[in-house]
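Residue-level structure breakdown
Okay, here's what each chain looks like letter by letter:
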Amino acid sequence: MNSRLEQIIAEIEEYIDNCKPQALSKGKIVVDREELMELLTELRLRTPEEIKRYQKIIANKDAIISDAQAKADEILAQAKIQTNELVSEHQIMQQAYAQANEVVSIATNQAQEILDKATDDANAIRTASIEYTDNLLSNTENILIHAIDTSKAKYDGLLSSLQNCYDIVKANRTELYPSEDSEEESESSEQETKTDEIDLI
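The structure displayed is predicted, hence computed values, not measured ones.

1. Considering the pattern of salt bridges
Going through the model one piece at a time under the given rule, you end up with three salt bridges. Ionic pairing is found between Asp67 and Lys71, a salt bridge with its closest N-O pair at 3.6 Å. In this pair, Asp67 and Lys71 both sit in helix H2 (residues 33-87), four residues apart, roughly one turn of the helix. A relative accessible area of 44% means that Lys71 is categorised as partly exposed.

2. Examining helix H1 (residues 4-18)
Each α-helix turn comprises 3.6 residues. Residues three or four places apart therefore point the same way. The end-to-end C-alpha distance of H1, which contains 15 residues, comes to 21 Å, matching closely the 21 Å that a straight helix rising 1.5 Å per residue would cover. Here H1 has its buried residues at Leu5, Ile8, Ile9, Ile12 and Tyr15. The arc that holds every buried residue of H1, seen down its axis, measures 125°, which confines them to one face. Those residues of H1 that are exposed and angled more than 90 degrees off the buried face are Glu14, Asp17 and Asn18.

3. Quick word on the layout of surface pockets
In this model, the largest pocket occupies a volume close to 260 Å³. Around the largest pocket sit 15 residues that line it, and Leu36, Met37, Leu40, Ala147 and Ser151 are the ones nearest its centre. When residues of the lining of the largest pocket are traced back to their parent elements, those giving at least two are H2 and helix H3 (93-176). In the lining of the largest pocket, the residues fall into nine nonpolar, three polar and three charged.

4. Concerning a negative patch on the surface
Taken together, Asp32, Glu34, Glu35 and Glu38 make up a surface patch of like negative charges. Take Glu38: it is sitting in helix H2. On the basis of relative accessibility, which here comes to 57%, the residue Glu38 falls in the exposed class.

What counts and what doesn't
Residues numbered from 1 in each chain as written. Predicted model: local features only at pLDDT ≥ 70, side-chain atom pairs only at ≥ 80, totals over all residues. Heavy atoms only, no water. Salt bridge = Lys/Arg side-chain N within 4 Å of Asp/Glu carboxyl O. Helix = DSSP H or I, 4+ residues; strand = E, 2+ residues; numbered from the N terminus. Buried < 20%, exposed > 50% of the residue type's maximum accessible area, 1.4 Å probe, protein only. Expected span 1.5 Å × (residues − 1). Arc of directions from axis to C-beta. 1 Å grid on protein atoms, 1.4 Å probe; cavity = no way out; pocket = protein on both sides within 12 Å on 5 of 7 lines; lining within 4 Å. Points joined across faces, edges and corners; volume = space filled by probe spheres on them. Nonpolar A, V, L, I, M, F, W, Y, C, P; charged D, E, K, R; others polar. Patch = residues over 30% accessible without salt bridge, like charges linked within 9 Å, V, L, I, M, F, W, Y side chains within 5 Å. Areas by Shrake-Rupley, 256 points an atom, 1.4 Å probe, with all protein chains shown as cover. Lys, Arg positive; Asp, Glu negative; His and termini not counted. Charge placed at Lys NZ, Arg CZ, Asp CG, Glu CD.

Listed below in structure tokens is the structure:
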């Protein structure tokens, strides 16, 4: 069963795939900022919980090994009990020793196998948990980088559009009063002429 973190990442990917492309652009899309921010906020809140969950799985390694050790100790204890029972029978002393040694040897081998298997399982769980968590964080990082790049491109495009609108508005205002501009230029020219005449005197 997928974790909630995986579901959020899948929802973000699906959301980005379903976004409408920006006009006259192949790589840019139109994003609903509030909806995307909600998904990213939930992702940010869920990530520590997921990491804690996998840290608990990793911590179970000690519990697995401890349980295996307990089972091994129990097998050895049973072996010693059987050994003591066999040794106590004087009529079959030699056979008891042989059987006891064999039981102890088998028990020791079984205990070691259990410990080895438990250690391998614990290490495998730890490795898988770390890889899985790293993959989740990697996907999250890629999504955030994509979101940052998209937002920056949209912001740059908005500034460019506003600058073009400003230039058009300014040009249109200038065109509304061409006579006043001409009169202002004429008055300015006359004042310069008078200034020149005064300087000549």
